[in-house]
Amino acid sequence: MNKQVFGLIGLGVMGQNFVQNVERNGFSVAVYNRSSETTEKFIAGPAAGKNIKPAYTLKEFVDSLESPRRIMLLVKAGAPVDATIQQLIPLLDKGDLIIDGGNSFFTDTERRAKELESQGFNFFGMGVSGGEEGALWGPSLMPGGSRDAYKEVEPIMKAVAAKAEEDGESCVTYIGPGGSGHYVKMVHNGIEYGDMQLIAEAYDLLKQALGLSAQQFHEIFAEWNKGELSSFLIEVTANVFKKLDEETGKPLVDVILDKAGQKGTGKWMSINALDLGSAIPTITSAVDGRILSSQKEERVNAASILTGPTKKYEGSSQKLIDAVRDALYASKICSYAQGMSLLKRASEEYNYNLDLGIIAKIWRAGCIIRARFLNDITNAYNRNNELPNLLVDGEFQKTIDARQDAWRSVIKSAIDLGVPMPAMSASLAYYDSYRSERLPANLIQAQRDFFGAHTFERIDKPGIFHADWEVK
Ligand code: NBP
């Protein structure tokens, strides 16, 4: 009997869509789900007439796959992944490959890879981005694990991944060893948090300063999507403003409660960046922005107590709209500069040997942060693979130079009007800090030495010094 080429466990929305994508690309598939009713429904529904074979026990599932087996898990991250692996192991042969395609935390992936590899199995942590549509029609895939094992699934992954518009290249590449695939996915998601917050701040300033309507916002974002900001998230934003609420007839965005949730990847990235000593203030501000938004009741109370400026914006509307577009682009560059710097730092710390230019390339299609500007990042790393920070690339430097007056004027307007722009301001402060030859850390070192004898270095000679700070 012919065995199936690819196995998938976990028929949630992602699993069902991913497996149809694999089958549509010519690979036979076996599926298993903990609850058999879901499998039955899937087989009778979307999988009907396709080369997708159901299994109702894990043994039946494993036996239906060709060797070495390629098994992908798309189950809820955390304990379900460990539980599924434990049930699978006694049924597998050495050399079989398990791929965890869920949003697992990278240290869990590191642990699982070590455990499974020590027992002779192959294990991959693979970031999958693009939501349910991406899973069905072409996601961006970030697989990390052993390079040899990747060869076993490379043709399948290349076939199912999104293809970049510019050159038709598949948005998947071997990322690196251990938990690197999930690490890169975590950074992708953190960058996504940054992008979303920056867009929301641009909207907020324009709304508060100019009182624009949803239709006007639709037109502005649609226009921005034709230029340098062209990206999935700007396109989504433009379309959001078109949707009317069926109950009230108002723009749906205006009736949505201003409380944003956060599932964890943005927070994980901020915590990890602090651990590695890599500054990502824009992305951390985006996480903070969601946290503050969720404190709705406190904010409503504070709004009746705390005061701010009462000024109205008096300049030209079009000038502000154009300046906000420029500020958004400059802030976005800074946010990506922080994300890429963190990847560079993590690559050194965890020996991932990441290729930053190629990572930017596989984010060009399929994933949530897909954007025209990712080509510019790849080009920057092609010019200099050792770039310490995107900001010092000649092209990005020119891009920011051309926009920095507008960027500063936008932040000034926000301050004058009392509109919070935490992520945009954090981007500008990052830029100003990074370009400062001298920061005020001399004073911090003096304070630390004063109260804790922490010592300091001097600008005029090498060595470690401590002063007696008592001035007689
Ligand atoms: P869910 O995260 O909702 O997981 C549903 C699947 O997990 C079902 O097949 C469920 O089986 C299975 N499962 C659970 Br819950 N507990 C289990 C256990 N103890 N043992 C075995 N199976 C268990 O589904 P999803 O939204 O499709 O996401 C799958 C993964 O992909 C997640 O890690 C998610 O973070 C990640 N992801 C999601 C998206 C997205 O847009 N949704 C995007 C990118 C990545 P059951 O049917 O028996 O309950």
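Fair warning: this is a prediction, and the values are worked out from it, not measured in the lab.

**Student:** I would appreciate a short explanation of the overall build of the protein in the present structure.
**Tutor:** Along the backbone of the protein there are 20 helices and seven strands. On C-alpha atoms alone, the protein measures out to a radius of gyration of 25 Å, which is about the 23 Å that the 2.2 N^0.38 rule sets for 472 residues. The burial tally for the protein puts 51% of its 472 residues in the buried class. Looking at the protein as shown, the accessible area adds up to about 22,700 Å², and 52% of this sits on carbon and sulfur atoms.

**Student:** Even after reading the chapter, I still don't get the site of the ligand, so can you show me in this structure?
**Tutor:** Looking at the ligand, there are 19 residues lining it, with Met14, Asn33, Arg34, Ser35 and Asn103 nearest. A distance of 3.2 Å separates an oxygen atom of the ligand from a polar atom in the backbone of Leu11. Within the side chain of Ser35, an N or O atom sits 2.4 Å from an oxygen atom of the ligand. Going through the elements one at a time, helix H1 (13–24) and helix H4 (79–88) are the ones with two or more residues in the shell around the ligand. Taken together, the residues that form the shell around the ligand break down as eight nonpolar, nine polar and two charged.

**Student:** What am I meant to see in the pairing of strand S2 (residues 29–32) here?
**Tutor:** The two faces of the sheet receive side chains in turn, since in a regular strand these alternate between them. Side chains Val29 and Val31 of S2 all project onto a buried face; the interleaved residues Ala30 and Tyr32 project onto the opposite face, where all are buried too. Pairing geometry for strand S1 (residues 6–9) and S2, over four bridges, is parallel. Bridge pairing links Ile9 to Tyr32 in S2. Pairing analysis gives three bridges linking S2 to strand S3 (residues 52–54), with the strands arranged parallel. The residue of S3 that forms the bridge with Ala30 is Lys53. At this point the chain moves from S2, through helix H2 (residues 36–44), to the parallel S3, and the crossover so formed is right-handed.

**Student:** Is there a simple way to explain the sheet that holds strand S5 (residues 97–100) in this structure?
**Tutor:** Hydrogen bonding along the main chain pairs the strands of a sheet, whether they run parallel or antiparallel. Read from one edge of the open sheet, seven strands run S3-S2-S1-S4-S5-S6-S7, paired in mixed fashion. At either end of the open sheet lies a strand with only one pairing partner, and these are S3 and strand S7 (140–144). Taken over all neighbouring pairs, the strand axes of this sheet differ in orientation by 25° on average, direction set aside. Relative to S5, strand S4 (residues 70–73) runs parallel, the two sharing four bridges. By the bridge assignment, Leu73 is partnered in S5 with Asp100. Running at roughly 170° to S1, H1 makes contact with S1, S2, S3, S4, strand S6 (122–129) and S7 of the sheet.

**Student:** What's the story with the pattern of salt bridges in this structure? I'm lost.
**Tutor:** For side chains bearing opposite charge, pairing can occur when the charged atoms are close. This model, assessed by the stated rule, comprises 32 salt bridges. The partner of Arg299 in a salt bridge is Asp258, and the shortest N-O contact between them spans 3.3 Å. With Arg299 in helix H14 (residues 296–303) and Asp258 in the loop between helix H11 (252–255) and helix H12 (265–276), the pair connects residues that are 41 residues apart, well separated along the chain. Note on Asp258: relative accessible area 37%, which makes it partly exposed.

**Student:** What is the right way to look at the side chain of Asn389 in this model?
**Tutor:** Residue position: Asn389 is located in the loop between helix H17 (374–383) and helix H18 (394–417). A relative accessible area of 2% means that Asn389 is categorised as buried. Side-chain polar atoms of Asn389 contact the side chain of Ser341, separated by 3.4 Å. A polar contact of 2.9 Å, which involves the side chain of Asn389, links it to the backbone nitrogen of Leu391. Contacts of Asn389, omitting those with residues within four sequence positions, involve Ala337, Ser341, Tyr430 and Tyr434.

**Student:** How should unusual backbone geometry be read in this particular structure?
**Tutor:** With the exception of glycine, most residues fall at negative phi, and the peptide bonds are largely trans. With an omega dihedral of -10°, the bond running from Ser67 to Pro68 counts as a cis peptide bond. Topologically, Pro68 is positioned in the loop between helix H3 (58–63) and S4. Unusually for a residue other than glycine, Asn351 sits at a positive phi of about 55°. Relative to the helices and strands, Asn351 resides in the loop between helix H15 (317–350) and helix H16 (356–362). Phi is positive for Thr455, close to 70°, though the residue is something other than glycine. If you trace the backbone, Thr455 turns up in the segment after helix H20 (441–452).

**Student:** Whenever I open this one, the packing of H4 against helix H5 (residues 106–118) confuses me. Can you help?
**Tutor:** A packed helix pair is summarised by two numbers, namely the angle formed by the two axes and the spacing between the axes. Put simply, H4 and H5 touch, their axes get as near as 12 Å, and they point 5° apart. When the interaxial angle is binned, H4 and H5 end up roughly parallel. Here H4 contributes Val81, Asp82 and Ile85 to the contact with H5, which in turn contributes Arg111, Arg112 and Leu116. Residues that form the contact of H4 with H5 fall into these classes: three nonpolar, no polar and three charged.

**Student:** I would appreciate a short explanation of helix H7 (residues 147–160) in the present structure.
**Tutor:** Because each turn of an α-helix spans 3.6 residues, side chains separated by three or four positions in sequence point in the same direction. Compared with an ideal rise of 1.5 Å per residue, which puts 14 residues at 20 Å, H7 spans 19 Å between its outermost C-alpha atoms and is within 8% of the ideal. Restricting attention to buried positions, one finds in H7 the residues Ala149, Tyr150, Val153, Ile156, Met157 and Val160. The elements touched by buried residues of H7 are S1, H1, S4, S5, S6 and S7.

The rules we used
- Residues numbered from 1 in each chain as written.
- Predicted model: local features only at pLDDT ≥ 70, side-chain atom pairs only at ≥ 80, totals over all residues.
- Heavy atoms only, no water.
- Helix = DSSP H or I, 4+ residues; strand = E, 2+ residues; numbered from the N terminus.
- Rg over C-alpha atoms; globule rule 2.2 N^0.38 Å.
- Buried < 20%, exposed > 50% of the residue type's maximum accessible area, 1.4 Å probe, protein only.
- Areas by Shrake-Rupley, 256 points an atom, 1.4 Å probe, with all protein chains shown as cover.
- Near = heavy atom within 4 Å.
- Polar contact = N/O pair within 3.5 Å; in protein donor to acceptor, adjacent residues only side chain to side chain.
- Nonpolar A, V, L, I, M, F, W, Y, C, P; charged D, E, K, R; others polar.
- Pairing = 2+ DSSP bridges.
- Right-handed = clockwise from strand over helix to strand, strands pointing away.
- Axes fitted to C-alpha atoms, helices over the stretch in contact; angles between N-to-C directions.
- Contact = heavy atoms within 4.5 Å.
- Salt bridge = Lys/Arg side-chain N within 4 Å of Asp/Glu carboxyl O.
- Parallel < 35°, antiparallel > 145°, perpendicular 65-115°, else oblique.
- Expected span 1.5 Å × (residues − 1).

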